[in-house]
Structures are given as C-alpha cells and as structure tokens.
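Structure at a glance
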Amino acid sequence: MSPRRVSRTADNGGNPAATTAYPPLPPDDDEVVVGDQVAAAAVPTPRPKRRRPAFGSYMDTALQRQFKARCVIDGIEMQDALAEAVTLWLTTRQAADRQASQLSG
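These notes cover the structure that comes with them. Small disclaimer: the values here were computed from a predicted structure and weren't measured. (Residues numbered from 1 in each chain as written. Predicted model: local features only at pLDDT ≥ 70, side-chain atom pairs only at ≥ 80, totals over all residues. Heavy atoms only, no water.)

1. Quick notes on the pattern of salt bridges
If the charged atoms of two oppositely charged side chains come close together, the side chains can form a pair. What the rule picks out here adds up to two salt bridges. For arginine 52, the salt bridge identified is with aspartate 80, shortest N-O distance 2.6 Å. In this pair, arginine 52 is assigned in the loop between helix H1 (36-42) and helix H2 (61-74) and aspartate 80 in helix H3 (residues 78-104), connecting sequence segments 28 residues apart. By relative accessible area, arginine 52 is classed as partly exposed at 32%. Exposure remark for aspartate 80: the relative accessible area of 18% places this residue in the buried category. Residue aspartate 74 is joined to arginine 70 by a salt bridge in which the shortest nitrogen-to-oxygen separation is 3.1 Å. With aspartate 74 and arginine 70 both in helix H2 and four residues apart, this pair spans about one turn of that helix. On the basis of relative accessibility, which here comes to 41%, the residue aspartate 74 falls in the partly exposed class. (Salt bridge = Lys/Arg side-chain N within 4 Å of Asp/Glu carboxyl O. Helix = DSSP H or I, 4+ residues; strand = E, 2+ residues; numbered from the N terminus. Buried < 20%, exposed > 50% of the residue type's maximum accessible area, 1.4 Å probe, protein only.)

Laid out in structure tokens, this is it:
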C-alpha cells in the first residue's frame, strides 16, 4: 500500500511554521465594515437587460480575440461595442454617399 498523500488543510496539517501572519486590524473601528454594508457593497447593481434580436457573423479569429479583449478592458458588453461599430460604419458610409452625390450633381 502506498503512503497517504498529504493534503492541504485550513491549518496546514497542524504545521505552525506554515501559517500566514495577517496584518493587525486597524485601531479605529470606523475603517472596519461588517454586516449589511459589506453585502450591499459586494453585490453590483444589475443593469437592465435590453432585448435585442440575435445577430450572427463570422470574422477572423485574431480580430475576434482583439475585440473581446478590448471589450473586457473597457468594461462593456460585446453587443454594445458591436452596435457602436455598426452605427459608426453606417454613418461614415452615408456621409460618403452624400459627398459623392454632391460631387456628381
């Protein structure tokens, strides 16, 4: 029979040398927040979900990775960034169409 593998426990198997020293609590209890205040602060306020129709597309894997990463960095949902990108694309196309019609007219 093989020896039993040592597993990690809350007290590191009773090994006092392996315990972590925690910093002392602050002397003023004004800085200590407990109870409902902690629970309220820990729960983010949910944003209302907007119903949008499904939209599917294919794009280059590297471009998709960059897009996802930028959305995470900016803290926005991908659907919001995509809506902004499509709106900008449509706006620039419409402006180019107007300019072309003015030059030809």
